[in-house]
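# Geometric and topological summary
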Amino acid sequence: MNHFVSTNGELFCEQVSVAEIARDVETPFYLYSKATLTRHFQAFDSAFAGIDHLTCFAVKACSNIAILNLFSGLGSGADIVSGGELYRALTAGVDPQRIIYSGVGKTEQELHYALEAGILLFNVESSQELERLQQVAAAKGVKAPVSFRVNPDVDPQTHAYISTGLAKNKFGIPIDEALELYERAMGMENIEVKGVSCHIGSQLTLISPFIESLRKVKIFVERLTAKGITIDFIDLGGGVGITYDTEQPPHPRDYAEAIKQELQGFKATLILEPGRVIVGNAAILVTEVQYTKSNRGTEQVKKFVVVDAAMNDLTRPSLYGAYHAIVPVLEKGAECEVVDIVGPICETGDFLAKDRELPRVEQGDLLAVMSAGAYGFSMSSNYNSRPRVAEVLVDGSHYEIIRRRETFESLVQGETIPGGVRHGH
Ligand code: LLP
């Protein structure tokens with residue numbers, strides 16, 4: 001459940017009218033509900049009550065420091081994948097001892113920064129990364145706490161671009177080869193072996209792939225224990241899906257129950273890295289209709305609704321063919337028609353919805369793109385030199401801008417013309 005509800009034909013976020021915010025901050029903007037963010041974090045985290053666990057919110061899903069700070073206050077740690085995300089997490093006040101660092105391509109500078117910060121764990125994904133981490137830690141005279149991310153070769157049955165746990169994906173160390181790496185790491189002076197991690201993919205709508213990979217991890221942990229290698233942390237990654245359209249993902253309670261069952265008898269602390277399931281349905285993207293038009297082809301009339309948000313603001317439909325429900329902010333009882341909802345960007349791939357039934361809209365109407373909280377703003381870009389949009393957080397009857405809309409000046413910030421501006425002839 002979320003706190004975006006229509007009352008008498010008008011969309012509200014908690015107790016605030018979405019149209020009222022639009023008048024104030026202008027469109028497009030992302031609008032987050034604090035009550036929904038809080039509720040979703042707590043529903044997920046409390047589902048694991050009774051076992052030793054740490055929920056590390058996946059920063060990549062939604063990186064605004066106001067939101068990271070909110071989760072941190074609720075007891076969350078952070079799952080980061082870059083120096084930039086580490087900076088965000090620290091700025092938001094996340095305890096470094098609750099930060100874990102995933103990703104296949106950590107640079108030397110990033111390893112250095114994370115060691116300096118004193119994070120809880122590095123999820124190491126290759127033998128070369130292990131060597132590099134050993135060197136960086138040795139130069140600093142510290143020990144780096146390490147989990148290895150194993151690749152269990154399990155099909156998560158999700159979109160190919162967001163499947164990560166198959167042997168053909170670039171992630172992790174093949175589970176059958178990982179033992180050797182653990183043994184090597186045990187002999188390294190500046191490495192402290194702490195755990196095992198895996199993450200098989202995102203937007204999973206079944207529990208079974210999680211359990212299949214956990215079973216493989218359990219067998220692996222038993223092999224490690226037999227070799228005298230103690231595992232303090234088992235990290236199951238993120239990946240529980242949400243409902244965008246008709247998907248029926250597992251409830252966090254059922255997901256947690258299944259995992260708890262499997263982990264009976266294991267002493268390690270469970271780490272979870274959820275992103276989408278916490279923030280996905282906690283935000284919308286609000287956009288204004290600029291134009292409506294029809295293109296008459298030989299076979300059909302194609303209707304377009306051109307809005308002021310585009311693929312640079314929400315890339316998921318263009319990149320993954322992802323479905324986001326789109327509803328009018330103010331219902332006017334108009335008849336439905338089938339339209340493409342498109343942005344102003346100069347490519348045909350720029351759409352928010354294709355062949356979608358939408359009540360007839362006109363210039364100036366507001367539309368809400370639902371379920372935009374995960375991988376929405378965080379994947380946005382400046383393509384077509386479009387300033388990135390504002391982010392707004394509602395708390396009850398109050399709202400606040402948590403990220404200002406970028407300006408034209410911010411677009412060229414950091415760019416220089418060698419020799420200074422020369423005017424054309
Ligand atoms: N942990 C790791 C190591 C990850 O790579 C990810 C997501 C997560 C946790 C969080 O997964 P979640 O709970 O959000 O499913 N941009 C795509 C999703 C990419 C997911 C990348 N990794 C989208 O918009 O669907």
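Bear in mind that the values here come from a model prediction, so they are computed numbers and not experimental data.

On to the overall build of the chain, then. What the chain contains, in helices and strands, is 12 helices and 21 strands. By the compact-globule yardstick of 22 Å for 425 residues, the chain fits well, its C-alpha radius of gyration being 23 Å. Overall, the C-alpha framework of the chain stretches about 70 × 60 × 50 Å when taken along its three principal axes. For the chain, the exposed surface amounts to about 19,400 Å²; the carbon and sulfur share of it is 48%. Side-chain charges of the chain comprise 39 positive and 54 negative groups, with the mean position of each set lying 2 Å from the other.

So, on to the side chain of Asp-235. Turning to its location among the elements, Asp-235 is positioned in strand E12 (residues 233-235). No salt bridge forms around the buried Asp-235; measuring N to O, its nearest opposite-charge neighbour Arg-149 is 8.3 Å away. Of the polar contacts made by the side chain of Asp-235, one reaches the side chain of Asn-123; its length is 3.4 Å. A polar side-chain atom of Asp-235 sits 2.8 Å from the main-chain amide nitrogen of Gly-237. Those residues in contact with Asp-235 that lie beyond four places of it in its chain are Ile-100, Asn-123, Val-196, Ser-197, Cys-198, Ile-271 and Glu-273.

Of all hydrophobic cores here, the largest spans 101 residues; its most connected members are Tyr-32, Phe-122, Tyr-182 and Ile-341. Broken down by element, the residue count for this core peaks at seven residues, all from helix H8 (residues 208-226). Counting contributing residues per domain, this core is built from domain 1 (4-31 + 281-411) and domain 2 (33-277), each supplying no fewer than three.

This brings us to the pairing of strand E14 (residues 283-296). Bridging between strand E4 (residues 29-33) and E14 involves four bridges; their strand directions are antiparallel. What sits directly across from Phe-29, in E14, is Val-286. Alignment of E14 against strand E19 (residues 366-369), held across four bridges, turns out to be antiparallel. Along E19, the bridge assignment pairs Val-286 with Ala-368. Pairing geometry for E14 and strand E15 (residues 301-307), over seven bridges, is antiparallel. Opposite Arg-296, over in E15, you have Val-301 as the bridge partner.

Strand order in the open sheet made by the three strands is E1-E2-E3, with antiparallel pairing throughout. Edge positions in the sheet fall to strand E1 (4-7) and strand E3 (16-17), since each has one partner strand and no second. In the sheet, E1 pairs with strand E2 (residues 10-13) via four bridges, with the strands oriented antiparallel. Across the sheet, residue Ser-6 finds its bridge partner in E2, namely Leu-11.

Right, let's get into the pattern of salt bridges. The final tally for this structure, using the stated rule, is 19 salt bridges. Notably, a salt bridge pairs Lys-227 with Glu-183, separated by 3.8 Å at the nearest N-O pair. Remark: Glu-183 occurs in helix H7 (residues 178-186) and Lys-227 occurs in the loop between H8 and E12; sequence separation between them is 44 residues. Under the relative-accessibility criterion, Lys-227 is labelled partly exposed at 49%. Note that Lys-302 is salt-bridged to Asp-340, the shortest N-O span being 3.3 Å. Here Lys-302, found in strand E15, pairs with Asp-340, found in strand E17 (residues 336-342); they are 38 residues apart in sequence, far enough to count as distant. Each member of the pair, Lys-302 together with Asp-340, is buried. Shared partners join several salt bridges into a network, and the residues in it are Lys-302, Asp-340, Lys-354 and Asp-355.

Rules and cut-offs
Residues numbered from 1 in each chain as written. Predicted model: local features only at pLDDT ≥ 70, side-chain atom pairs only at ≥ 80, totals over all residues. Heavy atoms only, no water. Helix = DSSP H or I, 4+ residues; strand = E, 2+ residues; numbered from the N terminus. Rg over C-alpha atoms; globule rule 2.2 N^0.38 Å. Areas by Shrake-Rupley, 256 points an atom, 1.4 Å probe, with all protein chains shown as cover. Lys, Arg positive; Asp, Glu negative; His and termini not counted. Charge placed at Lys NZ, Arg CZ, Asp CG, Glu CD. Buried < 20%, exposed > 50% of the residue type's maximum accessible area, 1.4 Å probe, protein only. Salt bridge = Lys/Arg side-chain N within 4 Å of Asp/Glu carboxyl O. Polar contact = N/O pair within 3.5 Å; in protein donor to acceptor, adjacent residues only side chain to side chain. Contact = heavy atoms within 4.5 Å. Core = buried A, V, L, I, M, F, W, Y, C linked by side-chain atoms within 4.5 Å. Domains from an automatic or database assignment. Pairing = 2+ DSSP bridges.

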